[in-house]
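# Descriptive structure summary
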Amino acid sequence: MFKKAQTLFDKIWSSHIVKDIPGGRQVIYIDNHFIHEVTSPQAFAGMKKRGIDVFRKHQTLATADHNVPTKDQHLPIKEALSKKQVDTLVQNCKDFEVELYGLGHQRQGIVHVIGPELGITQPGKTIVCGDSHTSTHGAFGNIAFGIGTSQVEQVLSTQCLILSKPKRMRITVNGQLQKGVTAKDIILYLNAQLTVGGCTGYFVEYAGSAITSLSMEGRMTICNMSIEMGARGGMIAPDEKTIDYLRGKPAVPTGEQFEKLVNHWKKFYTDADAVFDKDVSFNAEDIAPMVTYGTNPGMGMSISDLIPNGESESFAESLKYMDYKSGESLEGKAIQHVFIGSCTNSRIEDLRLVANFVKGKTKSQSVNVLIVPGSKQVEAQAKAEGLDKIFEAAGFELRQPGCSACLGMNEDKVPAGEYCISTSNRNFEGRQGPGARTILASPLMAAAAAIEGKIVDIRKYLN
Amino acid sequence: MEKVINLTSSAVPLPMEDIDTDQIIPARFLKGISKDGFGKNLFRDWRYTKGEEKAKNFVLNNPTYSGQILVAGRNFGCGSSREHAAWALADYGFKVVVSSFFADIFKENALNNGILPITVSHDQLAAIFSQIEKDPHSQFSVDLPNQSFYNDQGLHISFEVDAYKKECLLNGYDDIDYLLNLKEDIIAYEKKQLV
Ligand code: SF4
């Protein structure tokens, strides 16, 4: 099937070319398309205007996640504009016969959490969604990336996109992670090392023992934040863990068909002598629990470091917004909010990690703690395991699934000027609400901060 | 889509780096279901103070600066894939964005909405900023067919643009028009996968 030495990316890309077009772009076939309420209405409106139907209905799946309340989801949405947007999705899915896991559905959830959970996300595929964190799915060894609404319309209408092939980059992390260091810390570390635009134009493959030793959940956290370095997407070659994770999932066949599929998946890896346009490596031993101090995800540091000096006007503005100063430590800084959720860290493993840490402890009086599970299935699993009881006893509020305070489209916002330690992926100005100040960290670091009411070094709490 | 060919205009300078799409249009304004009306919330949290008054220091509120060209610091449009960012810029009246670096998805979104992203070198960007600083009414011209960005004060930049996207901009057609004509190829591709 594949001739000369190829990267994982090349293998998938080349098997999805429908046509080369003049000028160097290629028509690429898209296997799976996820849609949600915020970036799809204008695409459907465009199709209605042109009078075209969805080309491959079964390759599209819709959910409501970005703009939904995380409380009382059984009641009508109060805010009129949000209600209209969610209702529009319901109507469009009905009109175009697209499957919808809407509010109240037992499979509803954040689009990048439900795809893998249902087993739709598989190795070797091309997957898109009108959301930049579509890169999450790449943890299963596929080409997954975010697209704009015009492109959503293209995929709905033709199951194809007209793309120029990105360059290939490999990021290798070898070695053993220190105690208290998680997948989130690896990716925040890479964000800080490679900066916010450091991978623009590239599609990244993650490799190395520190990556392959991660669970599928951890791998998803890594791939999720590829976009924060400007990468088009991130991917990790499938292995036994990938196969084990997918076995038995609703969208995955069983028996002989499964074995056939596994044989197909096994073709997707980077050949030993394949060449990348850029190849960088890091040591896992150098990575400590991370926090961000500024207003982009690349402005991160180890919890034991001091805020660096920066020369640009943007750097100064950023620290001013956060009300932090160069030379300061974040350890001991007060926070008022803790958000555990988002497509980066809202899977069952994240919730277990948090529950395990907070069991028998109670949150500080001065903080609000919100835990928002990534999906109905995560929510149900958490309840089945009794995690909800642990959270309740600790004073953590377990909500219903959605994007929530990750982007503050619904009412889950951080008030102006207040600090939130968040397991999400973006600390942009106003991301969690106008004037909100966000510190990105791992679920463990967020849980410890919730207990103490201030930012602490998780390593001091682990024996 | 509207055709983009040539234009001459003054420019609005925004030298901040890493301007993300959450700044261009904050999430709470993404609730619309049409493409219209996003311009009034372009750079919302920089443009207005908490009390919803116009922020005095922000360039869009400064009558000295105007025009259809936005000149921004490096890595413009990073972050979210929201095409609303491109719609907001277009709705406000920008037709061209100049920077030394654009985030991938933003660039594609801009091109899909008849906004031309022009990438210039770091030094060229600095020169453009300084010309605007010296004279806020400095005029700049864009010639898409010849891929040239220039003015009569000595600026002459030839810029790159994807050949296919250039055709689309010049003729005002989009990817869907193109793809719909390829249905047979697409079906043939699908059939091939089945065997
Ligand atoms: S959780 Fe946040 S980053 Fe993830 S899809 Fe939702 S809004 Fe986007």
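Look up: the structure comes first, before these words.
Attention in this report is confined to the structure presented alongside it.

All names here are of chain A. An order of 5-4-3-6-7 is seen for the 5 strands of this open sheet, with the pairing classed as parallel. Two strands lie at the open edges of the sheet, namely strand 5 (99-101) and strand 7 (143-146), each paired on one side alone. Taken over all neighbouring pairs, the strand axes of this sheet differ in orientation by 20° on average, direction set aside. Against the sheet, helix 5 (residues 149-158) contacts strand 3 (32-36), strand 4 (60-63) and strand 6 (126-129), and its axis sits at roughly 130° relative to strand 3.

Contacts between the two partners involve 63 residues from chain A and, on the opposite side, 55 residues from chain B. Remark: the boundary between chain A and chain B carries 8 salt bridges. The partner of E190 of chain B in a salt bridge is R56 of chain A, and the shortest N-O contact between them spans 2.7 Å. The interface formed by chain A and chain B includes 26 residue pairs in polar contact (both at pLDDT 80 or more). Listed by contribution, the elements that provide at least two residues to the side of chain A that touches chain B are strand 1 (17-20), strand 2 (26-29), helix 2 (41-50), helix 3 (80-95), helix 5, strand 8 (160-163) and helix 11 (313-322) of chain A. No other element matches the 7 residues that helix 5 of chain A contributes to the side of chain A that touches chain B.

What follows covers the sheet that holds strand 8 of chain A. Strand pairing within a sheet occurs via backbone hydrogen bonds; the two strands may be parallel or antiparallel. All names here are of chain A. Judged by pairing direction, the sheet is antiparallel, and its 3 strands sit side by side in the order 1-2-8 without closing on themselves. Of all the strands in the sheet, just strand 1 and strand 8 have a single pairing partner and so form its edges. Between one strand axis and the next, the sheet turns by 20° as a mean value, whatever way the strands run. Here 4 bridges tie strand 2 to strand 8, and the two strands are oriented antiparallel to one another.

Our next topic: the pattern of salt bridges. Residue and element names in this part refer to chain A. Applying the stated rule across the entire model yields 34 salt bridges over all chains. Between D95 and K48 there is a salt bridge, with its nearest N and O atoms 3.0 Å apart. Highlighted residues: D95 in helix 3 and K48 in helix 2, separated in sequence by 47 residues. Put simply, D244 and R247 hold a salt bridge, and the shortest N to O gap is 2.8 Å. Bridged by salt links that share partners, the residues D10, K165, R168 and D277 form one connected network.

Here the structure, examined in full by the defined rule, presents 21 aromatic pairs over all chains. Taking 4.8 Å as the distance between ring centres and 40° as the angle between the ring planes, the aromatic pair formed by F9 of chain A and F203 of chain A counts as tilted. You can see F9 of chain A sitting in helix 1 (residues 8-14) and its partner F203 of chain A sitting in strand 10 (residues 202-207), a full 194 residues away along the chain. Assessed through its relative accessible area of 1%, F9 of chain A is described here as buried. On the basis of relative accessibility, which here comes to 2%, the residue F203 of chain A falls in the buried class. On the basis of an interplanar angle of 5° and a centroid distance of 5.8 Å, the ring pair of F43 of chain B and W46 of chain B is categorised as stacked. Across the pair, exposure class does not vary: F43 of chain B and W46 of chain B are buried alike. Directly above the aromatic system of Y269 of chain A lies the positively charged group of K11 of chain A, at a separation of 3.7 Å from the ring centroid.

Cut-offs used in this document
- Residues numbered from 1 in each chain as written.
- Chains lettered and ligands numbered in written order.
- Predicted model: local features only at pLDDT ≥ 70, side-chain atom pairs only at ≥ 80, totals over all residues.
- Heavy atoms only, no water.
- Pairing = 2+ DSSP bridges.
- Helix = DSSP H or I, 4+ residues; strand = E, 2+ residues; numbered from the N terminus.
- Axes fitted to C-alpha atoms, helices over the stretch in contact; angles between N-to-C directions.
- Contact = heavy atoms within 4.5 Å.
- Salt bridge = Lys/Arg side-chain N within 4 Å of Asp/Glu carboxyl O.
- Polar contact = N/O pair within 3.5 Å; in protein donor to acceptor, adjacent residues only side chain to side chain.
- Phe/Tyr/Trp six-rings, centres within 6.5 Å; stacked < 30°, edge-to-face > 60°.
- Buried < 20%, exposed > 50% of the residue type's maximum accessible area, 1.4 Å probe, protein only.
- Lys NZ or Arg CZ within 6 Å of the ring centre and 35° of its normal.

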